[in-house]
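# Secondary and tertiary structure notes
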Amino acid sequence: MSEWYYADAQRERHGPVEAGAIRDLFRKGELDLTTLVWREGMSQWQPLSAAAEELQLLVTAPASEGIDLRADYTAIADGSAVAAAAAAAADRQDSPYAAPGTVSRDYSNVVHGGEVVHAGLWRRFAASIIDSFVTGILSYALLIPLMLVMGVSMASLSGSDVASAGVMVTFYTLNYAISILVPAVYFGWMYSTSNMASLGKMAVGIKVVRGNGEGLTFWRGFLRYIALVLFTVVTCGLGVLISGLMVAFTQRKQGVHDMVCDTLVVDKWAFTDNPEWQQRGLGTVTIVVLSIFGLLALLGIVAVLAVIGIASSNFN
């Protein structure tokens, strides 16, 4: 077996050493391909790159024989691939290296001890604007056919005052029932889902929970809305204003209906494993919704003033 000599960075000669020693020094980074080496039989010193093949410094990986997918096809056919994928997803769920889009929230697992960010007045108000739009569409989807039916009934009973009065009473009863029950069912259903939030609250990143962080049942969410309606009726419409002031100034930001039904409105990451992800500010969606609402309100005021001005000029 040949013995080798090599020169270091200061051009000092070392050796003789075995070929294996040269390989070890190269892998450690003490030698590189520009290092001068020599063995018996060479006419002169040469760079290590010239002897790389002889010293087996650059080892090429064996050619791939391809990927055998037969086991995968069998797993897909018998359904075991789904179970394996679910298990792998469960292993990745809590990984700190998981991509943000793959993070899931287990709302059934209430985590106590972390900080809780309560949703303030403006985030809740923005959510209520969105929810009012949604419940308005749902309510009118039922009210419009009802008005058509009642209109036909009134036309056919035009000769009977008693029958017409009965139709009007029925219409107004159903109108109020739909206007109250549709939002109540909507909120009760949405709050009892895994998201614990209506569409408006999901948009602004908040949810409704019990005082201990647990989710709401359908009936608790249903009665929470009914409590707000009753409080508003009893106070002749001031209940909404009073609840808003309570949300703005109470410690846990609870309205009367929240206190009656033992509920809290908190950030969507409250009572989870990631309380540090909670948002204290308004958020982009809240700002956009409030800005649009303010602009529309301003345009409405200007339109009303314009109408009053035109009417006054015509009267004079």
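Residues numbered from 1 in each chain as written. Predicted model: local features only at pLDDT ≥ 70, side-chain atom pairs only at ≥ 80, totals over all residues. Heavy atoms only, no water.

## Re helix α9 (residues 239-249)
Listing the buried residues of α9 in full gives G239, S243, G244, M246 and V247. Down the axis of α9, the sector holding all buried residues measures 160 degrees, keeping them to one side. Of the exposed residues in α9, those oriented more than 90 degrees away from the buried face are L241 and F249. (Buried < 20%, exposed > 50% of the residue type's maximum accessible area, 1.4 Å probe, protein only. Helix = DSSP H or I, 4+ residues; strand = E, 2+ residues; numbered from the N terminus. Arc of directions from axis to C-beta.)

## Looking at the packing of aromatic side chains
A complete count under the given rule lists eleven aromatic pairs for this structure. Consider the rings of F171 and Y172, whose centres lie 5.4 Å apart with planes at 65 degrees: the pair is edge-to-face. Arranged with centres 5.3 Å apart and planes meeting at 70 degrees, the rings of W219 and F222 form a pair that is edge-to-face. Taken together, the residues span about one helical turn, with W219 and F222 both in helix α8 (residues 218-234) at a distance of three residues. Each member of the aromatic cluster is reached from another via a ring pair, and the members are Y186, F187, Y191 and Y225. (Phe/Tyr/Trp six-rings, centres within 6.5 Å; stacked < 30°, edge-to-face > 60°.)

## Points about α8
Relative to the 24 Å expected for 17 residues at 1.5 Å per residue, α8 spans 24 Å between its end C-alpha atoms, a close match to the ideal helical length. Just beyond α8, the residue with positive phi is C236, at close to 60 degrees. (Expected span 1.5 Å × (residues − 1).)

## Topic: a nonpolar patch on the surface
Together, L238, L241, I242, L245 and F249 line one region of the surface with nonpolar side chains, adding up to about 530 Å² of accessible area. Tracing the chain through its elements places I242 in helix α9. (Patch = residues over 30% accessible without salt bridge, like charges linked within 9 Å, V, L, I, M, F, W, Y side chains within 5 Å. Areas by Shrake-Rupley, 256 points an atom, 1.4 Å probe, with all protein chains shown as cover. Salt bridge = Lys/Arg side-chain N within 4 Å of Asp/Glu carboxyl O.)

## Some thoughts on the sheet that holds strand β1 (residues 4-7)
Taken together, four strands build an open sheet; the order of strands is β2-β1-β3-β4 and the sheet is antiparallel. Two strands bound the open sheet, and with one partner strand each, they are β2 (13-17) and β4 (46-47). In this sheet, strand β3 (residues 36-39) lies alongside β1 in antiparallel orientation, the contact comprising three bridges. Counterpart to Y6 in the pairing with β3 is V37. Where helix α1 (residues 19-28) meets the sheet, its contacts fall on β1 and β2, and the angle it forms with β1 comes to roughly 30 degrees. (Pairing = 2+ DSSP bridges. Contact = heavy atoms within 4.5 Å. Axes fitted to C-alpha atoms, helices over the stretch in contact; angles between N-to-C directions.)

## Some thoughts on the confidence of the model for the protein
For the protein, the average pLDDT comes to 82, and 81% of its residues sit at 70 or higher. Contacts of residues 59-64 to residues separated by more than four positions or lying in other chains number zero contacts, the stretch itself having pLDDT below 50. The low-confidence segment residues 92-107 (pLDDT under 50) makes eleven contacts with residues lying over four places distant or belonging to another chain. (pLDDT = per-residue confidence, 0-100.)

## Here we look at the pairing of strand β6 (residues 263-267)
Burial runs high along β6: five of the five residues are buried. Relative to β6, strand β5 (residues 206-210) is paired through five bridges, and the arrangement is antiparallel. Residue pairing across strands places V208 opposite V265, the latter belonging to β6.

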